[in-house]
Amino acid sequence: MSVFLLLVVIAVLALVGFVIGRQRALASAKGNVKDMHSLPVYYGWHGALMVMVPALIVLALWLVIQPLVIERQLLNYFPADVAESDAARTLAMADVRRVAEGLDIAIAQGAMTETQAEVLRTDAGSVRDRLAAVGVALGAEVTPQVLAAAQEYRNHAVIAGIGRSILTLLVALAGLIYGIRITHKDFRARNRVEQVIMALLALSSTIAILTTVGIVLSLVGESLRFFTMYPWQDFFFSLTWSPNFQGDSDLGLAPLLWGTIYISFVSIIVAAPIGLFSAIYLAEYASPRVRSVVKPAIEVIAGIPTVVFGLFALVTLGPMLRDWIAEPTGLGNSGSSVMTAGIVIGILNIPFVSSLADDVINAVPQAMRDGSYGIGATKSETIRLVVLPAALPGIVGGMLLALSRAIGETMIVTMGAGAAAKLDLNPFEAMTTITVKIVSQLTGDTEFDSPETLVAFALGMTLFVLTLGLNVIALYIVRKYREQYE
Amino acid sequence: MKDLRVERDVQTETNKIEARGVQVFYGTNHAIKDVDVNILDKTVTAFIGPSGCGKSTFLRCLNRMNDTVASARVEGKILLENEDIYDPRVDPVQLRAKVGMVFQKPNPFPKSIYDNVAYGPRIHGLTRSKAELDEIVEKSLRRAALWNEVKDRLAAGGTGLSGGQQQRLCIARAIATSPEVLLMDEPCSALDPIATAQVEELIDELRTDYSVVIVTHSMQQAARVSQRTAFFHLGNLVEYGETGQIFTNPKDPRTESYISGRIG
Amino acid sequence: MSTASTNPNDVPRKAESLLVPSALMRRRNAAEARFKAYGIAAIVISLATLAIMLFTIFSDGISAFSQATLRFPVTMDAATLDPKGNRDPADLAKVTTIGYKKVLEKALIAELTQRNVDVQGVSAKDIGSFISGDAPARLREMVLADPSLIGQTIDFSAFATGRIDGYFKGRVTMETAKLDSNISPEQLQLADRMKAAGILDVRFNPKFFTNPDASDTRPESAGLGVAIIGTLYMMALVVVLSLPLGVAAAIYLEEFAPQNRFTDLIEVNISNLAAVPSIVFGILGLAIFINFGGLPQSSSLVGALVLTLMALPTIIIATRASLRAVPPSIRTAALGVGASKVQMVFHHVLPLAMPGILTGTILSLATSLGETGPLLLIGMEAFVVNYPAGPLSGGVMDPATALPVQVYAWAARSDPAFIERASGAIIVLLAFLLVMNIVAIILRRRFERRW
Ligand SMILES: Nc1ncnc2c1ncn2[C@@H]1O[C@H](COP(=O)(O)OP(=O)(O)O)[C@@H](O)[C@H]1O
Ligand SMILES: [Mg+2]
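Worth saying up front: this structure is predicted, and the values here are computed from it rather than measured.

Conventions used here
Residues numbered from 1 in each chain as written. Chains lettered and ligands numbered in written order. Predicted model: local features only at pLDDT ≥ 70, side-chain atom pairs only at ≥ 80, totals over all residues. Heavy atoms only, no water. Helix = DSSP H or I, 4+ residues; strand = E, 2+ residues; numbered from the N terminus. Rg over C-alpha atoms; globule rule 2.2 N^0.38 Å. Buried < 20%, exposed > 50% of the residue type's maximum accessible area, 1.4 Å probe, protein only. Contact = heavy atoms within 4.5 Å. Phe/Tyr/Trp six-rings, centres within 6.5 Å; stacked < 30°, edge-to-face > 60°. Lys NZ or Arg CZ within 6 Å of the ring centre and 35° of its normal. Salt bridge = Lys/Arg side-chain N within 4 Å of Asp/Glu carboxyl O. Domains from an automatic or database assignment. Buried area = accessible area lost by both parts, 1.4 Å probe. Polar contact = N/O pair within 3.5 Å; in protein donor to acceptor, adjacent residues only side chain to side chain. Nonpolar A, V, L, I, M, F, W, Y, C, P; charged D, E, K, R; others polar. Core = buried A, V, L, I, M, F, W, Y, C linked by side-chain atoms within 4.5 Å. 1 Å grid on protein atoms, 1.4 Å probe; cavity = no way out; pocket = protein on both sides within 12 Å on 5 of 7 lines; lining within 4 Å. Points joined across faces, edges and corners; volume = space filled by probe spheres on them. Pairing = 2+ DSSP bridges. Axes fitted to C-alpha atoms, helices over the stretch in contact; angles between N-to-C directions.

A. A look at the overall build of chain A. Counting its regular elements, chain A contains 19 helices and two strands. Here the C-alpha atoms of chain A give a radius of gyration of 32 Å, more than 25% beyond the 23 Å that 2.2 N^0.38 yields for 486 residues. With the principal axes as the frame, chain A shows a C-alpha extent of 85 × 75 × 40 Å. Here chain A holds 486 residues, and 50% of them are scored as buried. Across chain A, the fraction of contacts at a sequence separation of at least 24, relative to all contacts at a separation of at least 6, is 72%.

B. Structural view of the environment of C:Thr372. Residues and elements named next belong to chain C. By secondary structure assignment, the location of Thr372 is in the loop between α16 (341–369) and α17 (373–377). Owing to a relative accessible area of 0%, Thr372 belongs among the buried residues under this scheme. A sequence separation of eleven residues divides Thr372 from Thr361, and the C-alpha atoms of the two residues are 19 Å apart.

C. Layout of the packing of aromatic side chains. Scanning all chains against the criterion turns up 23 aromatic pairs over all chains. Their ring planes at 70° and their centres at 5.7 Å tell us that A:Phe227 and A:Phe235 sit as a pair that is edge-to-face. The exposure class assigned to A:Phe227 is partly exposed, which follows from its relative accessible area of 24%. For A:Phe235, a relative accessible area of 0% gives the class buried. Taken together, a centroid distance of 6.0 Å and an interplanar angle of 65° make the contact between C:Phe208 and C:Phe209 edge-to-face. Among the aromatic residues, those joined into a cluster by ring pairs are C:Phe65, C:Phe204, C:Phe208, C:Phe209, C:Trp410 and C:Phe418. Over the face of the ring belonging to B:Phe109 we find B:Arg173, whose NZ or CZ atom lies 4.2 Å from the ring centre. Between the NZ or CZ atom of C:Arg413 and the centre of the ring of C:Phe418, over which it lies, the distance is 4.6 Å.

D. Geometry of unusual backbone geometry. Phi is positive for B:Glu186, which is not a glycine, with a value near 45°. Of note, B:Glu186 is situated in the loop between β7 (181–185) and α8 (193–206). You can call B:Glu186 buried: its relative accessible area is 13%. For C:Ser298, which is not glycine, the phi torsion reads 60° and is therefore positive. Secondary-structure assignment places C:Ser298 in the loop between α13 (278–292) and α14 (300–325). Relative accessible area serves as the criterion here: at 8%, C:Ser298 is assigned to the buried category.

E. Just the pattern of salt bridges, in detail. All names here are of chain B. Under the defined criterion, the tally for this structure stands at 44 salt bridges over all chains. Between Arg64 and Asp67 there is a salt bridge, and its shortest N-O distance comes to 3.0 Å. Judged by its relative accessible area of 11%, Arg64 falls in the buried class. Taking relative accessible area as the criterion, Asp67 reaches 37% and is therefore assigned partly exposed. With a shortest N-O distance of 2.8 Å, Asp134 and Lys130 are connected by a salt bridge. Here Asp134 pairs with Lys130, and both are found in helix α5 (residues 130–143), just four residues apart, close to one helical turn. Look at Lys130 and you get exposed, because its relative accessible area is 54%.

F. Quick peek at the domain arrangement of chain C. Residues and elements named next belong to chain C. You can read the domains of chain C as domain 1 (65–205) and domain 2 (225–447). The C-alpha-based centres of domain 1 and domain 2 are spaced at 45 Å. Taking both sides of the interface into account, the surface hidden between domain 1 and domain 2 amounts to around 500 Å²; carbon and sulfur atoms contribute 48%. When residues of domain 1 are sorted by the area they lose upon contact with domain 2, Phe65, Arg163 and Arg171 head the list and together hold 74% of the total. At the surface where domain 1 touches domain 2, the tally comes to three salt bridges. In this structure, Asp415 and Arg163 form a salt bridge, with 3.2 Å as the shortest nitrogen-oxygen distance. Between the two partners, domain 1 and domain 2, sit four residue pairs in polar contact (both at pLDDT 80 or more). Class assignment for the residues of the side of domain 1 that touches domain 2 results in one nonpolar, two polar and four charged.

G. Broad picture of the interface of chain C and chain A. At the junction of the two partners, chain C supplies 72 residues and chain A supplies 74 residues. Here chain C packs against chain A, burying approximately 6,200 Å² in sum over the two surfaces, 80% of which is carbon and sulfur. Broken down residue by residue, the surface that chain C buries against chain A is led by C:Phe35, C:Met53 and C:Ile283, which jointly contribute 11%. Across the contact surface, chain C and chain A share one salt bridge. Linking C:Arg28 and A:Glu381 is a salt bridge whose minimum nitrogen-to-oxygen distance equals 2.7 Å.

H. Region of the structure containing the nonpolar core. Counting 154 residues, the largest nonpolar core has A:Ile215, A:Phe309, A:Ile438, A:Leu459, C:Leu224 and C:Phe281 as its most contacted members. Here C:Leu224 is in contact with C:Phe208, C:Phe209, C:Asn211, C:Leu403, C:Gln406, C:Trp410, C:Ala425 and C:Val428, once residues within four sequence places are set aside. Ranked by size, the runner-up nonpolar core spans 77 residues in total, among them B:Val44, B:Val102, B:Ala174 and B:Ala222.

I. Spatial organisation of empty space enclosed by the protein. Residue and element names in this part refer to chain A. A complete count under the given rule lists four cavities of 30 Å³ or more for this structure. Taken as a whole, the largest cavity spans an internal volume of roughly 50 Å³. As for the largest cavity, its lining consists of Leu282, Lys295, Ile298, Glu299, Pro351, Ser354, Ser355 and Asp358. The set of elements that each furnish at least two residues to the lining of the largest cavity consists of α12 (288–303) and α14 (338–363).

J. Molecular detail of the sheet that holds strand β1 (residues 66–75) of chain C. Residue and element names in this part refer to chain C. The sheet built from three strands is open, its strands ordered β2-β1-β3 with antiparallel pairing. Every other strand in the sheet has two partners, leaving β2 (153–159) and β3 (200–204) as the edge strands with one partner each. Neighbouring strand axes in the sheet, compared pairwise and without regard to direction, differ in orientation by 40° on average.

K. Seen up close, the interface of chain B and chain A. Between chain B and chain A, the contact holds 23 residues from the first and 18 residues from the second. A per-residue breakdown of the area chain B buries against chain A is headed by B:Pro110, B:Tyr119 and B:Ile123, which together make up 32% of the total. Here chain B is connected to chain A by six residue pairs in polar contact (both at pLDDT 80 or more). Looking at the side of chain B that touches chain A, the elements that each hand over two or more residues are α3 (92–98), β6 (99–102), α4 (113–123) and α7 (163–175) of chain B. Looking at the side of chain B that touches chain A, its residues break down into twelve nonpolar, seven polar and four charged.

Okay, structure coming up:
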């Protein structure tokens, strides 16, 4: 029985539980709703929940544990060195699963019978070709061990499937019977149902923590593996980045960090004045009508996907900067450059800076402005000398947030900054960033046991720590600022 | 508290400000209705009246602070030394240097005490050197009766002072630009009685140099500090005259009822 | 109390008329005007850049929706297509696309001769190269599906190759053709004559929305089919996963959670997750869902899981804001008539907060729609030519791409024809976004309440 079918059966049983639960409760109260502890619908829900919750928990656990158990039993098909090494075992098991799936598909399409699949041998012609014929592409020819393991895997999977169905259904039925038996007009169905709802709500709220734990675990775990293969001193202090798939790579963070910082710096140079002045104009000068049109128009920028900005950098701005500035002045001949990426990220961040600045400027009390106007300051003097200094902490916080966004930006730098890891001062040179290298090391053909791939996790870790730190500081400053005027 | 009015008489009878037929509208709300008034030089003039009657609105007309309120519209003429301040050629910024303002709630800038006072002279380019600026700051603080309390911590933030000190700082800030008129909108309503007494004493002293207009909701305060009183009611200037006369012998029945506490 | 009885400025300021601005005042007003001009300049720069960006995208991309197409009768030569003459599907399948290409080439030349189109200076092979590499494959499929076509003459329409297409769209010119080994000026002149003769025309191309991606050498047949399916799968999954989860979490935190260390931790987590760079979520997806969980790479399922985790913080924050906006009077009223707290929330507060929740969800969905970086890491930039299966046959586990990822993948190709495609894909993407935002605005307008 497939998982999908199983879910359908559980749903049907739950419906049964709902109907019977409701009726039983009504019957025990002789149809008099006033006599019952809870409304009839709660007895129904109680019946349904008693079916669903235990059955689904059992099913979920089974689905998690089943592959682990089966894989353990298949280990004797492989030589000891494969079974020992985490990475090799993962790869071998992936092959086994893929071949097993291929056989399933072949049977489903009628290209093989069940028995043919079971007695299939590698010496009877290429298994890879036969599977390719049914649309299952395999990376390499199937070895006898993998094929045998795959066949064994299928046997286990069939048995496991039967066991899974029986157990889940038993639990569902048990829940159903329990739910029905306990139902009576005096049973506090509503309280029980509400308890379950509360538990589910509380469980959902932990998703944020689980996500963070997932992020930290994946970053830390793989980074540690990276540092067992590559010395951490070299990662943090080496000044060169030149991955090399024969081994002996130089994987120094410095050039990537420099590119990241340089580009983010350029982006702030662009976003800060433009965003700030837009905010000032909108908050202090614009009429309500102008404001109601211009503010959303600027916010449109924030709604455009970054890949669009990336294409703009690649196709329009990059070549423009190269042809108009870099080449005439002899500063460079590459369309991808720190300038290209920095300017485009800056543009992307304008609405962000502007709306944060707008918030903090509006938080400065009107009394402060009146005080300034009252002794004959002009509007710009009031803004420059009173409003901005008062809003400064908030603005600084906003800039830090913008900086953090620039550091974490991926698509624009991937498309507009270049791939060359350099420690250079010329902003018209192509340089690269942490995020660009995360993408390039993790896309395409990757093996998860080489330092060249795993370095991406160490880079991700660096990025995470960097942006998180900036955010925490920025949010702290902004919060302190807000409190000051509350 | 001694009665200050007895000690100082009105020194001049020259008009500083003459308002003629002033009307103010907030959108369609007619807030000030055809007000005529002459405000004397070197005199404290008090505006009294029930809340919402337009005292602040009229006060804010005198230095065109209403220009900062988008919905406000002012009609009529207000002459400051015979020049119409609503003349299109007048720059309200330049006007406000001559007609300074102090607000209900003390609103020092989040800067040092020194910079708070130096703010006006700096923007109006009143000084050429640091020494001159120091001198103005000191004089203004002395004039605002704050010097002795803050002279040792001029670099400390203005917002760190007590409420009464903050209000005197705001007064010092306003007089540092050497205005001719000082407008004060309920300058004591956010202060405790002791601070109020200090500020009231200060207001009386300021009269030697400035024409002071003060809005107050406290009749006692008006009686204590002012020589002229104007009573506003529902946007009308009901009665205007010598403070003693207004309080002891009001001509208009509405003034009479207000003074005796029947309109509130 | 010490008092200085002198005027602060011993020398009284000379009486200036208010009617004549002083020199300083003129300078100050000039500074004021400059400052204001900076503000206007900043806004103009922002909006102009936005306009330029959209303009270049549209002018580059709008032509992706039309395509130079050749139309000519094709005689299905039995000798080439069915050498054994037995119409056996197995034997027919042995004829590769090369055979079909020959048939098409012959048919095109025959049509040119028949219409008296001057082909001087263009070899038969170069005429054949007008036809997209996608056409023979399509013809072959048609024949394999219906062997009775062999021997007949059918009206066939084939895409012209990307270079010819580019010529009619202004991307390829006589000058560039001279330097280009794939196309010659003579071919372009011939293309002009073919257009005049009505064999070739540029017309709306619905296949841009339905075709899967195509290889580097045939940009003309690359389409958004797989990307659109992948995007729709992901968006549907993201809604199904994130809406209940996000709303449940928000309800708990806003209405029920006790104030303790643990809930504080959750709150801090949510606000920080909202600021984690998106690429980090890609790393999470790769390490947890693919490497650890064993879910298939490039699948819409993994993409949707990653996007869900990214969307959740925003949805939770938006939901909490809308829950908070429901006035306390409604809560007390519900509790007053004897509802339990759970009933109060689900029967009274939640329905009132729903428009706000939906608006927030749509907006965060719009953000996910444009997300690219994390999807690259989970392998969605792969070259996928097969459509994923239907949603009920496990299509979400099949390799797919997404609209923004397709933009990136095309932008990385060397042939400029793919830049046109990438821009066209952006137009489709922006259209999706526009619709979502309009829906959100309508929802907000319609249900906006003033309590
Ligand atoms: N900024 C404003 N916008 C609209 N109406 C205002 C504004 N300020 C004051 N008003 C209205 O003008 C009238 C007079 O107000 P105000 O001058 O503040 O009275 P007072 O200072 O005597 O209490 C009131 O009706 C008030 O509602
Ligand atoms: Mg008032």
